[in-house]
Amino acid sequence: MKAKVINILQKALKEKKIKLKKEEIEKLVEVPPSIEMGDYAFPCFFLAEKLRQEPRQIALEVREKIRKFPLTDFDDVQTKGPYINFFLDRKGLARKVVWEAITQKKNYGRSDAGKRKKIIFDMSHPNIAKPFGVGHLRSTIIGNSLANICEFRGFKPVKLNYLGDWGTQFGKVIFGFTKFGSEKKLHKDPIKHLFSVYVKANKKTYEKKSREWFKKLEQRDKKALMLWKVFSELSLNEFEKIYKILGVKFDVYARESEAVRDSKKIIQELKARNLLKKSEGAQIVDLKKHNLGVCIIEKTDGTTTYALRDIVSAIKRYKQYKFVRMVYEVGQEQKLYFKQIFKVLELMGYKWAKNCVHVDHGLYLDKDGKKFATRKGKTIFMEDILDNTISLAKKEIKKREPKMPKTKLEERALKIAIAAIFYGDLKNNRSNNMVFDIKRFVAFEGDTGPYILYSYARASSILKKTTNQDKFKILELEEKEFELVKKLSLFSEVVEDALKHWNPSLIANYSYHLAQLFNEFYHTCPVIGSKEEAFRLALVEAFRQTLKNAMKLLGIEVLEKM
Ligand code: ARG
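Residues numbered from 1 in each chain as written. Predicted model: local features only at pLDDT ≥ 70, side-chain atom pairs only at ≥ 80, totals over all residues. Heavy atoms only, no water.

Trainee: Which parts of the structure should I look at to understand the sheet that holds strand β1 (residues 40–43)?
Mentor: Taken in spatial order, the three strands make up an open sheet running β1-β3-β2, and their pairing is antiparallel. With partners counted over all chains shown, the strands left at the sheet margins are β1 and β2 (74–80), one partner each. Averaged over neighbouring strand pairs, the angle between their axes works out to 15° when direction is ignored. Pairing of β2 with strand β3 (residues 83–88), which is carried by six bridges, proceeds in the antiparallel orientation. By the bridge assignment, D76 is partnered in β3 with F87. (Pairing = 2+ DSSP bridges. Helix = DSSP H or I, 4+ residues; strand = E, 2+ residues; numbered from the N terminus. Axes fitted to C-alpha atoms, helices over the stretch in contact; angles between N-to-C directions.)

Right, here's the structure in full:
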C-alpha cells in the first residue's frame, strides 16, 4: 500500500514540476500516530522553499491533482495543515489482505525478486578443540535467520560454516595434549578436555614448543596431522549435537585448513601486484594509506595467518559460487579485520570485493553488564546454557499443565527453549550488546519468544472450536480489526526492510506488535457466535499464518498448543 501512496505522490508532484525519486518520497511518507489523520501522511514543508509557497497551500494543490486520478484503494485524500493524509479503503484492504494471507499460506510475504542469485553466509564458524562460544551462537542464530529471509525473497542462500581448524592455537592444543592429555578423557568429553590442555599449554614457557608444533602441522607432519584430525572430528561431532538442538543446518562445512594448500599461489599473486612488504620478518600488506593499518599475511616462520586463509577462501568461494553477496556474520571485534580483508581483495583487482559485507553483532552481557563469555573466571559451555533453558521451560510448562507426559514435556520444552533463545537474541538490533538473561527470555509474558508462541497457539485454539468455512463478507470493520489488518498488510515490506539492512530484529519486533494487536482484537471482538464470525475467523487464520511465516524466518517453530 505504501508503494501505491508513493506512486500517486510521484505522479502528482510531477504535475507540479517537482521530480522526486521513489526513494526520496519513501523517506518522507509517514504513518500518522492516530487513525483520524489517515493511514499515510505526506508532509509538504520541505517543498516550501523550492516552490516559494506556504506548505499548507502546496498540500491543497497537490491534493487537487491527486483527486483527479482514479483512486481505487483509497476512500479519501484530505489535507490537514501542511500534511496530505491518505485514507485507505479499509474494507477493501481487509478483504484483500485476509484473502491473500489465507490463500497464499506459507508463501504470504514471499517474493521471487532475488532470481535465485546466490548469497553466501559465512556463519557460526566455531573453532575446533574449543568450546562453542556465545559469539558463535549469535552468529548461528542471526546468520540462520538472514539466510531464511534471503530465501523468502527469492535468493539462493548458501549457509557456509567456516570451521576454525587452523592456526597457532592448534600448536598449543597439540603440544598440550602430548604433554597433559589423556585418551580416556578426550573421548569422554572431547571439547572440555582439549580446552583444559589448551589452557595448560597457553603459557609463555611453552610458546616455543607450541609454535614448533604448528609449524609441523603446516608441514604436514604425520603425528601432528593425526592428532589434529582426531580433534577435528570429535569437536565437529560435539558441534553437530548443538546444531541439532538448535535446528540449524548448513549447506557446506568449509575449513580454514583447506585454504593452506592454495596459500602459496595467492602469495605469488600478492607479490605480482606489488602488494607484499617485509616487516619485522613477516609479510604484510600495508594499508595505512587507507587508514586500515597493516594486514599480516605470513608470519616470520613462514606459516599462514587467519587473514591469508580468509583471502584464499574468499577467492575460492567466488570461483565456485559466483555469489552476488557474501555475508560474514561475525562479532564486532573483527570490524577492522574485515575492512582489511575486503581492501586487500579490492587491491588485488577482485571487483566482487565490493559485494562482501561484514554483518556484525554485539556481545552478550550478563546482568551486571559484563561480558557473558566467562563468568566468575569460568568458561560457559553451550550444553549448560541449553540444558538450563530447557529446564526453565519445563518449569513454566508444569505451572500450567502439571500432568503432562514426559516425552511430550521434553518435546515442548525444547521448542519453547529454542524460541526463547532465538527470539531473545533476534529482537535486538544485532549490532548492539545485549543482556543474555535466560529467565527473562523464557517468560510467557512480555516481549519474548514464548509469548509469541502463546499468541499463535491461542489463535489455533479458536480455529479448532469451529467448522465454519463460510465465505466471509465484511459488514462493519471495528477499529481493532482494522489495526490488525493493516499490520498484516505490512508483512512483506517488513521482510524487505530486514533484508535491506541485514536486520532480523525488524521481523521480530513486527511479530511482537502483531501478536499484541491480535490479543487486543481478541479481547474486544468476539469471534465464535458473532455476526461477523466468518470474517473474524478468516482474520484469525490470516494472523496465524502471517505469524507462522514470520517465526519461520527467525528460525522458530510454532506450537499448536501451549
Ligand atoms: N572462527 C572464527 C572465530 O571464532 C570466526 C570466523 C569468522 N569467519 C571468517 N571467515 N573469518 O573467531
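From this point, things continue past the structure.
Trainee: Please explain the environment of K299 as it appears in this structure.
Mentor: Within the secondary structure, K299 sits in the loop between β9 (294–298) and α13 (306–321). With 36 residues separating them in the primary sequence, K299 and S263 have C-alpha atoms 13 Å apart. Apart from residues lying up to four places away in sequence, K299 is in contact with T168, G281, A282 and T305. (Contact = heavy atoms within 4.5 Å.)

Trainee: Honestly, the pairing of strand β8 (residues 282–286) in this entry has me stumped. Any pointers?
Mentor: Along any regular strand the residues' side chains alternate between the sheet's two faces. Buried residues dominate β8, accounting for four of its five residues. As defined by bridge partners, strand β7 (residues 276–279) adjoins β8 across four bridges and the pair is classed as antiparallel. Along β8, the bridge assignment pairs S279 with A282. Counted between consecutive antiparallel strands, the loop separating β7 from β8 contains two residues, among which E280 sits at a positive phi close to 50°. (Buried < 20%, exposed > 50% of the residue type's maximum accessible area, 1.4 Å probe, protein only.)

Trainee: Explanation requested: the side chain of E541 in the structure shown.
Mentor: Position of E541 relative to the elements: it lies in helix α22 (residues 533–554). A relative accessible area of 19% means that E541 is categorised as buried. Look past the residues within four positions of E541 in its chain and what remains in contact with it is I102 and L463.

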